[in-house]
Each structure stands twice: as C-alpha cells, then as structure tokens.
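Per-entry structural report
Residue-level listing of the chains:
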Amino acid sequence: MRGVVVAGTASGVGKTVTTLAVCRALEREGYAVQPAKAGPDFIDPSHHAAIVGKPSRTLDPWLEGDDGMRRTYARGEGDICVVEGMMGLYDGDTSTARVAALLDLPVVLVADARAGMQSVAATAYGFRTYADRMGIDADVAGVIASRAHGGRHAEGIRDALPEELPYLGRIPPSDDLEIPERHLGLHLGDEAPLSDEALDAAADGIRADALAEVAREPDWDAEEVESGTRAEPVQATDSDRPTVAVARDEAFCFVYPSTLARLESLGTVSYFSPVAGDDLPDCDGVYLPGGYPERFAADLASSPALSALADRAADGLPVFGECGGLMALTESLTTTDGDTHEMAGILPADVTMQERYQALDHVELRATDGTLTADAGETLRGHEFHYSSADPATDARFAFDVERGSGIDGREGLTEYRTLGTYAHVHPESGAFDRFVSRLTD
C-alpha cells in the first residue's frame, strides 16, 4: 500500500483538517484511503474514522517497536495510506520525521500561510534540508499551504517553491473548518464532525492526483515483519475462548482499533455501555479503556455495571482499566466543579480532576511481580495523558515501578484482588493484551 505522511511545521497549523481534506480529495478521485495517525493520539483518529468510514491505525515506534509499527501499517487496507503527523515534523523523541523514515514514506508538509507567501516556501525548504542536519532520512516531498487564500496568495507560494518541493494545494481560511476543543484535545469525530460542505470546499483546494503521485510504496518486506510478530497465532476454538467484556461509550472511548481486533482474535468480546445503564455481561474478564469518565461521573455512579463489577472483582474476576478505566475503578471521582461521585470502589484511591494536565509522556514500566499484563521483571511501554490526580491509600499496592513517566507518585498499576488499573495506555504490539487474555483461564 502506498502512503504519505501529512506533517506540520508546528502544532496548530491545521494538520487534522488538512489530513481530512486530503482523504476526501483522494476518495473523490477514486482512491481507497486508509487513515492513520503518528503517535499515541485517540482523538484525531476519531475524526479520520468519521470521514473515511474505517478505523484509523496508530503508528508509534515507542508503543509498538519499529517492526510492530510496520506490521500495523501493513495490516491496513486501501490504495493510499494517509498518515497524520504529530506536533511539528521534527518535534519529540519519536518524532513524525522518525515515523516517516522508519516507514519509508514521503512527507507532505503543512505550512501555515495566513501571514506569508514566499516565506512559506523558505520555511518548507528549510524543513526539507534540516533532515540532513538531524540525521533522519525524512523526505519532504511536497507542500500544502494551510489557511491560504486563492489567487495571488496561493500563486505566490506556488511560484516560490523550488522544483523539488511541488505545491500540492491549499486549505482556505474558514471558521467552518475549526474543530472545538476540550481539556484532552479536540472534540471527538462523532461529536463535532466537519460538515460535508466545509470539507468538500477544503478538498477542492487539494491537488489529489499530484499528491497521489508523491505517495509511494515502502521499501520493506511486509511479510517479513509480519513473520516477526510477538503475538502468538490464535488457535483456540469457540468453546474454549474466554469472553472479555469491553466498555464502549462516551466515557470509555479511548481505545486503539488494533486492541479491539486483537481481543476479538483471542476471545469472544462482549461490548457494554455503563453510561447507558447496561449491566455487566457474563464474562471471564473485563477491559475498561480510557475516555471521559469525569463527564459522565453521575451516570457511572448509578450504573449497575459498576456495582456488579465491584462484586465480581472481589470474587476474583480479572479486570484491567486504563486511565479513565482506572478512574472508574477507584473509590471516588471529584470533578473540577467540586462534585464527588462514588465509583466502583475496587482500587483504594480517590481521583480528583485538575485544571491542567498532570502527565503527558511516553512511559516505561517494569513489573515488580506478575500482573495481568506483564510477567515479573518485564517492561511495558505505553503513553500517559491525563488531567486527574490519584490519591492512593497508604497501604495501596502497585504492580509496576516507573522507569520513565509520572505514574502515581512514581509508581504505577494500582492492584487489588485480580484488578489492575494504570494511567498508562498500552498497545497490543506490546503483548500486554495477549497476557491479559491468557490470565482469564488461569
């Protein structure tokens, strides 16, 4: 599958809107598009899925390893994969430039043109040549001007670009292309999708055929990286496949599509909505993804699923919660308005929402003892981003030491009974979900 990385000169230049416009423009020309996102984000992929109609794939070498990221890419379906970058092209330890280089994909640079013309070309040229200085094999192969007017404005940018940096179009300045934000980032794609009219107008400015020519097939063997997968083939029959109950609603919406696919390959998945008042399904284990439990704390406090979860957890049911899932498993959740709501009461901690983020980083954890997602001494890599703080009981037990990241006071993985709650999100390429499912039949 050919691919291209849509990267920005900085955060806030319009990468998400540009990515959506590129996807729409390519689809209108008859290309089947596979969306993807560089980095551990959950929100931008929800906008990709809302526009393209298929899950967006997460591409992060820290979470997945280099070959794991390539496997995730290769499992996509389509003619062209459009990968939205993170932050500015060269920003961060696992930068968009590094992702593009590891995947051997060209970069289309999004440059904010609202206050420049020829200087936009100079900026793009600098980004292209800076790859050599960084020692990263990032191929900046084209430019899209964001927030650029038509006529002389767009022509001035196009004419100033050197031959090796083709002009691939523009995104017009428009209030209709603004996506609202909240504390964890943009609103989700199903909450605040761009209108078809606004997106079509943006797609009109993209030179889809020229962009398709820039996209290329990676120069690595997909079959070879697939053969090196850490996940063992699944051979269980339907009769001995464990059932995993997975919370899916507005409170538990941060989950990688690869995670759901892996769980569905390892067992039988039963989805339920605590916010909607669903009871806990019959199951052998429970997975609570991250999301926005603070927005639905009152609904969760009265949810029969959380009450049933407390009883089943005390009886030894394996339960794994990530970030928002961790919050729902604690004693209480206090919102920024000062309202306190009882949660499941399984993990000995109280959670309070804060006005600014408490952690944002890639993390590395080392298991002190065997736990649901890791064997003793094993390391897991993940990602944390949350606005809440957890106050654990003095006798609270933790499953991990934090080797990178914040965790909870330098520790991670609150544990009680056979329940594990972490602020860290992990990817299935880590093997964590294979181990979780294997524990369900222990």
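Description of the structure in this document. Predicted, not measured: the structure shown is a model, and the values here were computed from it. (Residues numbered from 1 in each chain as written. Predicted model: local features only at pLDDT ≥ 70, side-chain atom pairs only at ≥ 80, totals over all residues. Heavy atoms only, no water.)

The phi dihedral of Cys323 is positive, around 55 degrees, even though this residue is not glycine. Within the secondary structure, Cys323 is located in the loop between strand 13 (319–322) and helix 14 (324–329). Among the residues examined, Cys323 registers a relative accessible area of 7% and is labelled buried. (Helix = DSSP H or I, 4+ residues; strand = E, 2+ residues; numbered from the N terminus. Buried < 20%, exposed > 50% of the residue type's maximum accessible area, 1.4 Å probe, protein only.)

Attention shifts here to the packing of aromatic side chains. Aromatic ring pairs are described here by two measures, namely the spacing of the ring centres and the angle between the planes. According to the stated counting rule, one finds 13 aromatic pairs in the structure shown. Three or more aromatic residues joined by ring pairs make a cluster, and in this case those are Phe42, Phe254, Tyr256 and Tyr292. When the ring centre of Trp62 is taken as reference, the NZ or CZ atom of Arg381 above it lies at 3.5 Å. (Phe/Tyr/Trp six-rings, centres within 6.5 Å; stacked < 30°, edge-to-face > 60°. Lys NZ or Arg CZ within 6 Å of the ring centre and 35° of its normal.)

A word on the sheet that holds strand 5 (residues 107–112). Pairing is parallel in the open sheet, where seven strands are placed in the order 3-2-4-1-5-6-7. Two strands lie at the open edges of the sheet, namely strand 3 (57–59) and strand 7 (167–171), each paired on one side alone. Across this sheet, the average inter-strand angle for adjacent strands is 25 degrees, counted without regard to direction. Relative to strand 5, strand 1 (residues 2–8) runs parallel, the two being bridged by four bridges. Note on strand 5: the bridge partner recorded for Ala7 is Leu109. (Pairing = 2+ DSSP bridges. Axes fitted to C-alpha atoms, helices over the stretch in contact; angles between N-to-C directions.)

This part is about empty space enclosed by the protein. Under the defined criterion, the tally for this structure stands at two cavities of 30 Å³ or more. If you add up the space inside the second largest cavity, you get close to 40 Å³. Every residue lining the second largest cavity is listed: Phe320, Leu365, Thr373, Leu380, Phe400, Thr422, Ala424 and Val426. Considering only residue class, the lining of the second largest cavity consists of six nonpolar, two polar and no charged. (1 Å grid on protein atoms, 1.4 Å probe; cavity = no way out; pocket = protein on both sides within 12 Å on 5 of 7 lines; lining within 4 Å. Points joined across faces, edges and corners; volume = space filled by probe spheres on them. Nonpolar A, V, L, I, M, F, W, Y, C, P; charged D, E, K, R; others polar.)

Now for the nonpolar core. Considering soluble globular proteins, one finds that nonpolar side chains tend to be buried as a cluster. Core analysis: the biggest nonpolar cluster contains 40 residues, and Leu59, Tyr73, Val83, Leu89 and Leu103 have the highest contact counts within it. Other than its neighbours up to four places away in sequence, Leu103 contacts Leu59, Met69, Arg70, Tyr73, Pro218 and Trp220. Phe252, Ala305, Leu326 and Ala390 belong to the second-largest nonpolar core, a separate cluster that totals 39 residues. (Core = buried A, V, L, I, M, F, W, Y, C linked by side-chain atoms within 4.5 Å. Contact = heavy atoms within 4.5 Å.)

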